[in-house]
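Single-letter residue listing:
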Amino acid sequence: MALQDVCGFLETFDDISPCTYQPNEMGYMWRTPFEFDRDSAFHFVSPPQQFRRKNRAPNLFSSTFSSLSPHQPFQLSHGTTTLGFIFQDGVIAAADTRASCKGLICCPISQKIMPIHSHLVVNTSGSGADCMLWERILTREMRLYQLRHRKRLSVNGAAKLLSMMLHPFKGTNVCVAATLCGWDGEETQATLKSCMEITDVKEAVEQDSNASTISDESAQGSVKMASINEQAEISKDTQALNPTVSDQNTNNVLSTLGRRSGPRVCYVCSDGLQLKGEIISVGSGSPYAYAVLDDGWRWGMTVDEAVALAREAVFRATHWDAYSGNNVDLFHITAHGWRRRDREDLKEEYYREREREKKKIKEREKERQKREGDELVEGEAYSVHCG
Amino acid sequence: MEYLIGIQGPDFVLVAADNVAASSIIQMKHDYDKMFKLSEKILLLCVGEAGDTVQFAEYIQKNVQLYKMRNGYELSPAAAANFTRKNLADYLRSRTPYHVNLLLAGYDEADGPGLYYMDYLSALAKAPFAAHGYGAFLTLSILDRHYRPDLTREEAVDLLKKCLEELNKRFILNLPSFTVRLIDKDGIHDMEKLPVGPK
């Protein structure tokens, strides 16, 4: 009909029938991103016409579309606690390790914080499969940017890029809430060269030994350098694995906080929200984490204080929230790159806290008795004095 | 949840927006700026669905700047408002409508100050005062009673303060601080945040 054509009503239904009604709902979601694998840098801006299907519920015009939304096997929700915050000595990214699926813990040891490159990690929450895919797409795009423009994309730029890539999928079931935590820095000739040439681990190890002397001074000792463990666990591009890039003008970078370089934390959500901030926490456990973070955060914190604050925030959240738990992962990002702290089991932390509480109660009891004893003595002295 | 307000005077426009960026029940940011500078003398205030606001507002912003680059002179506020309306209307009956409510405020050399109210169905109206959000229900009658076309700058700020006091008193949500800007023949001026924001 003429009016139907003008309005574009019912236009796309014929085209999408081959892919929509497959028994595996996620199958069609996996297919669309690969359509984008073309040479243009902006191929991700809009999905091909035949795959575009928006199901926006609160809209007069989509009431007929809602009958075609895919049947969800289970409720997708952000069952997690992740957090990231900046302070004077870098960025802390922390997350729990429980992957849940409605009432079942699918995996108690999942990894929610994934490094993108040497100075950027991403905390992911939402649907696990979507997060893994989009994290890889982001890594690819950032590497391409670095190769084309000879400098790393800033954290805000990466957030904008991810937000733009996710925008065409708004209204579909893509569920990604990512917090990008990283350090924006200026590149010197030495670091540029190193970024371009790194394909073999040997060079990375050489730079490691050069940088470790500088970085140990700032690392306060309590944070372990777990780069060797990382290379075993994550088999990816070695560029992404290199945790410490020797930065010739480290001191300058640290002193020029706020403008061109410095710690950054940025939140990107698949429904389009993009926020820059100082403290970001995402997931079902985030209200509990915010309460702890808001109480203890100061810009001038030391690394130890910051790490302790992050651990406590995740611990409290996992205590109250059913969908968060098991272990806590902690990353610390500075101008030298990211460092990973050993994974800690929060069960131990819970028992340790119980012990501490018991000790405190005993001490308070002792103090109270001592005070009562003193008051008695004073009372007698007074009565003696008066009498 | 979000609140925008604009008051037009004889030679200026005063606009204010709240600073809260929320995600379900959490205030994720207390100092979020909802105003987009389209040109030296035009501001676009944009609230609505999470990703749509930034996406649409930045699209309009870049297009207005492109017009200036191509033609050498800036769009007038009236032209920018109508351009925005046309874009919103075009997207309305597409597969990707933008759910955004806008206030466009600007100063034109020839026509003077202008405040334009636009809602998500792309209805456009030039108005002496306007507000968006649940807070609008509480403050429009205050504006009705106390607005005069020949307000001075101080009186306009007082009127704005009256509105925000009413919000503090009667609105169920906590909106602790607001960004306030004034547009006149000299451009866009940042004013003090009202009330004093949390530290």
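These numbers were taken from a predicted model, which means no experiment stands behind them.

Asks: It is not clear to me how the overall build of chain B should be interpreted in this structure. Could you clarify?
Replies: Within chain B one finds 4 helices and 12 strands. Among the 199 residues that make up chain B, the fraction classed as buried is 52%. For chain B, contacts bridging at least 24 residues in sequence account for 60% of all contacts bridging at least 6. Put simply, chain B shows about 9600 Å² of open surface, and 52% of that area lies on carbon and sulfur atoms.

Asks: What should I look at first to understand the pattern of salt bridges in this one?
Replies: Between side chains of opposite charge, a pair can form as their charged atoms come close. All names here are of chain A. With the rule as written, the count across this model stands at 33 salt bridges over all chains. The salt bridge involving Glu 141 is made with Arg 140; its shortest N-O contact spans 3.2 Å. Across the salt bridge formed by Arg 356 and Glu 349, the nearest N and O atoms sit 3.3 Å from each other. For Glu 349, a relative accessible area of 10% puts it in the buried group. Sharing partners across several salt bridges, the network here consists of Arg 311, Arg 341, Glu 344, Glu 349, Arg 352 and Arg 356.

Asks: Please explain the environment of Arg 352 of chain A as it appears in this structure.
Replies: Looking at the element boundaries, Arg 352 of chain A is found in helix 13 (residues 346-386). One polar contact links Arg 352 of chain A to Glu 349 of chain A, side chain to side chain, over a distance of 3.2 Å.

Asks: Explain the nonpolar core to me, please; I cannot follow it from the model alone.
Replies: Among soluble globular proteins, nonpolar side chains are generally buried collectively. In terms of nonpolar packing, the biggest core is built from 68 residues, with Leu 83, Phe 85 and Tyr 267 of chain A touching the most fellow members. Per-element accounting of this core gives the leading share, 9 residues, to helix 12 (residues 303-320) of chain A. With sequence-adjacent residues up to four places away left out, Phe 85 of chain A is seen in contact with Gly 90, Val 91, Ile 92, Val 265, Glu 278, Ile 279, Leu 293, Trp 297, Met 301, Ala 306, Leu 309 and Ala 310 of chain A. Counting 27 residues, the second largest nonpolar core, distinct from the first, contains Ile 7, Leu 14, Phe 178 and Val 180 of chain B.

Asks: Could you clarify how one ought to interpret the pairing of strand 9 (residues 274-277) of chain A in this entry?
Replies: Working note: regular strand, side chains alternate between the two faces of the sheet. All names here are of chain A. Inspection of the sheet shows strand 8 (residues 262-269) paired to strand 9 by 4 bridges, in the antiparallel sense. Bridge assignment links Tyr 267 to a residue of strand 9, and that residue is Leu 275. In this antiparallel pair of consecutive strands, strand 8 and strand 9, the connection spans 4 residues, and Gly 272 shows a positive phi of 110°.

Asks: Sorry, what's going on with the sheet that holds strand 7 (residues 176-184) of chain A here?
Replies: Two orientations exist for strands paired in a sheet by backbone hydrogen bonds: parallel and antiparallel. Residue and element names in this part refer to chain A. Taken in spatial order, the 5 strands make up an open sheet running 5-6-7-8-9, and their pairing is antiparallel. Each edge of the open sheet is held by one strand with a lone partner, namely strand 5 (113-117) and strand 9. Pairs of neighbouring strands in the sheet enclose a mean axial angle of 25°, with direction left out of account. By the bridge criterion, 8 bridges tie strand 7 to strand 8 in an arrangement that is antiparallel. Residue pairing for strand 8: Cys 181 is matched across the bridge by Val 265. Across the face of the sheet, helix 4 (residues 128-149) comes into contact with strand 5, strand 6 (120-126) and strand 7 while running at roughly 15° to strand 5. Its contacts with the sheet put helix 5 (residues 155-166) on strand 6, strand 7, strand 8 and strand 9, and the angle it makes with strand 8 is roughly 10°.

How each quantity is defined
Residues numbered from 1 in each chain as written. Chains lettered and ligands numbered in written order. Predicted model: local features only at pLDDT ≥ 70, side-chain atom pairs only at ≥ 80, totals over all residues. Heavy atoms only, no water. Helix = DSSP H or I, 4+ residues; strand = E, 2+ residues; numbered from the N terminus. Buried < 20%, exposed > 50% of the residue type's maximum accessible area, 1.4 Å probe, protein only. Contact = heavy atoms within 4.5 Å. Areas by Shrake-Rupley, 256 points an atom, 1.4 Å probe, with all protein chains shown as cover. Salt bridge = Lys/Arg side-chain N within 4 Å of Asp/Glu carboxyl O. Polar contact = N/O pair within 3.5 Å; in protein donor to acceptor, adjacent residues only side chain to side chain. Core = buried A, V, L, I, M, F, W, Y, C linked by side-chain atoms within 4.5 Å. Pairing = 2+ DSSP bridges. Axes fitted to C-alpha atoms, helices over the stretch in contact; angles between N-to-C directions.

Function cannot be read off these values alone, since they describe shape.
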